[in-house]
Amino acid sequence: MQFPGALIERQLYEDCYFRVVAAGLTRVVRLVRSSAAFPTPEAAEKCLEAVAFSLITIRRGWVLIVDSRGAPIRNDPAFEQVLARARHRIVGRFACAAILVASDIGKLQVARYGREDPKSPPVFRDEQEALAYLAANRTSK
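A brief report on the enclosed structure follows. Model, not experiment: these values are computed from the prediction. (Residues numbered from 1 in each chain as written. Predicted model: local features only at pLDDT ≥ 70, side-chain atom pairs only at ≥ 80, totals over all residues. Heavy atoms only, no water.)

## Looking at the pattern of salt bridges
Step number 1: In the structure shown here, the tally under the stated rule is eight salt bridges.
Step number 2: Between Arg30 and Glu127 there is a salt bridge whose closest N-O contact spans 2.6 Å. Of the two residues, Arg30 sits in strand β3 (residues 28-33) while Glu127 sits in helix α4 (residues 127-137), which places them 97 residues apart along the sequence.
Step number 3: In this structure Arg30 comes out as buried when scored by relative accessible area, which is 1%. (Salt bridge = Lys/Arg side-chain N within 4 Å of Asp/Glu carboxyl O. Helix = DSSP H or I, 4+ residues; strand = E, 2+ residues; numbered from the N terminus. Buried < 20%, exposed > 50% of the residue type's maximum accessible area, 1.4 Å probe, protein only.)

Here it is in structure tokens:
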């Protein structure tokens, strides 16, 4: 699947939970969450470690869009702790990041993470708005 402005894409990772694609021309990494539910927090931790490892080739100046529109809503404390650790390992390596959600409920849940972690990326329901935000806020981190 190609997204706008992507002429050179390479898939960095894929399993039943995530797909990670890097678009060389736009320097955008897209992390797409599937609708498959993790059976345990430990399974989520293992998967997110693999996602983080897949990003080791990403260098300065890349941005990240996390497409969580397909993700099941889950808010148990053990799972949220896994997500908090993964956010730091994954989002922290990018110059800028944005999160896409499918609903207002999803937006509220992810916005709550932002209140708990001031480095949490902004949340969008519109993909074009998220991409415009990334383009406008790209830095050379």
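## Observations regarding the nonpolar core
Within soluble globular proteins, side chains that are nonpolar generally end up buried alongside one another.
Step number 1: Membership of the largest hydrophobic core comes to 31 residues, with the highest contact counts inside it found for Phe18, Val29, Leu64 and Ile90.
Step number 2: Counting residues per element, the ones that place at least two in this core are β1 (9-14), β2 (18-23), β3, α1 (41-54), β4 (63-67), α2 (77-91), β5 (96-100) and α3 (104-116).
Step number 3: Once you skip the residues sitting within four places of it in the chain, Val29 turns out to touch Val20, Val21, Ala22, Leu55, Ile58, Trp62, Val63, Leu64, Ile65 and Phe94.
Step number 4: Formed by ten residues, the second largest nonpolar core is a distinct cluster that contains Cys96, Leu100, Ala130 and Leu134. (Core = buried A, V, L, I, M, F, W, Y, C linked by side-chain atoms within 4.5 Å. Contact = heavy atoms within 4.5 Å.)

## Things to note about the environment of Leu83
Step number 1: Along the polypeptide, Leu83 turns up in helix α2.
Step number 2: Spatially, the C-alpha atom of Leu83 lies 9.2 Å from that of Pro41, the residues being 42 residues apart in sequence.

## Let's talk about the packing of aromatic side chains
Between two aromatic rings, the relevant description is the distance of the centres plus the angle of the planes.
Step number 1: Throughout the structure, instances matching the rule amount to four aromatic pairs.
Step number 2: Here Phe38 and Phe79 contribute two aromatic rings whose centre-to-centre distance is 6.1 Å and whose plane-to-plane angle is 40 degrees, an arrangement assigned as tilted. Note that Phe38 is positioned in the loop between β3 and α1 and Phe79 in helix α2, a separation of 41 residues in sequence. Comparing Phe38 with Phe79, the two get one shared label, buried. (Phe/Tyr/Trp six-rings, centres within 6.5 Å; stacked < 30°, edge-to-face > 60°.)

## Side note on the side chain of Glu127
Step number 1: A polar side-chain atom of Glu127 sits 2.6 Å from a polar atom in the side chain of Arg30.
Step number 2: Each residue touching Glu127, except ones within four places of it in the same chain, is listed here: Arg30, Arg69 and Leu100. (Polar contact = N/O pair within 3.5 Å; in protein donor to acceptor, adjacent residues only side chain to side chain.)

## What to know about the sheet that holds β1
Step number 1: The mixed open sheet is built from six strands, whose spatial order is β1-β2-β3-β4-β5-β6. Edge strands, defined here as strands with exactly one partner in the open sheet, are β1 and β6 (123-124).
Step number 2: Where β5 meets β6, two bridges bridge the pair, whose relative direction is parallel. Residue Ile99 lies in a different strand from β6, and its bridge partner there is Val123.
Step number 3: Sheet strands touched by α4: β3, β4, β5 and β6. Its angle to β5, the strand with the most contacts, is close to 175 degrees. (Pairing = 2+ DSSP bridges. Axes fitted to C-alpha atoms, helices over the stretch in contact; angles between N-to-C directions.)

## Here we look at the state of the cysteines
Step number 1: Counted by the stated rule, this structure contains zero disulfides.
Step number 2: No disulfide involves Cys47; its sulfur sits 7.2 Å from that of Cys16, the nearest cysteine.
Step number 3: Using a relative accessible area of 5% as the deciding quantity, one classes Cys47 as buried. (Disulfide = S-S within 2.5 Å.)

## What about the pairing of β2?
Step number 1: Most of β2 is tucked away, with six of its six residues classed as buried.
Step number 2: On β2, burial covers both faces: Phe18, Val20 and Ala22 on one face and Arg19, Val21 and Ala23 on the other are all buried.
Step number 3: In textbook terms, the turn of a hairpin is the stretch between consecutive antiparallel strands, and for β1 and β2 this stretch comprises three residues.
Step number 4: Note: β2 against β3, six bridges, orientation antiparallel. From the neighbouring strand, Val20 faces β3, where its bridge partner is Leu31.

Purely spatial values, then, with no claim about function.
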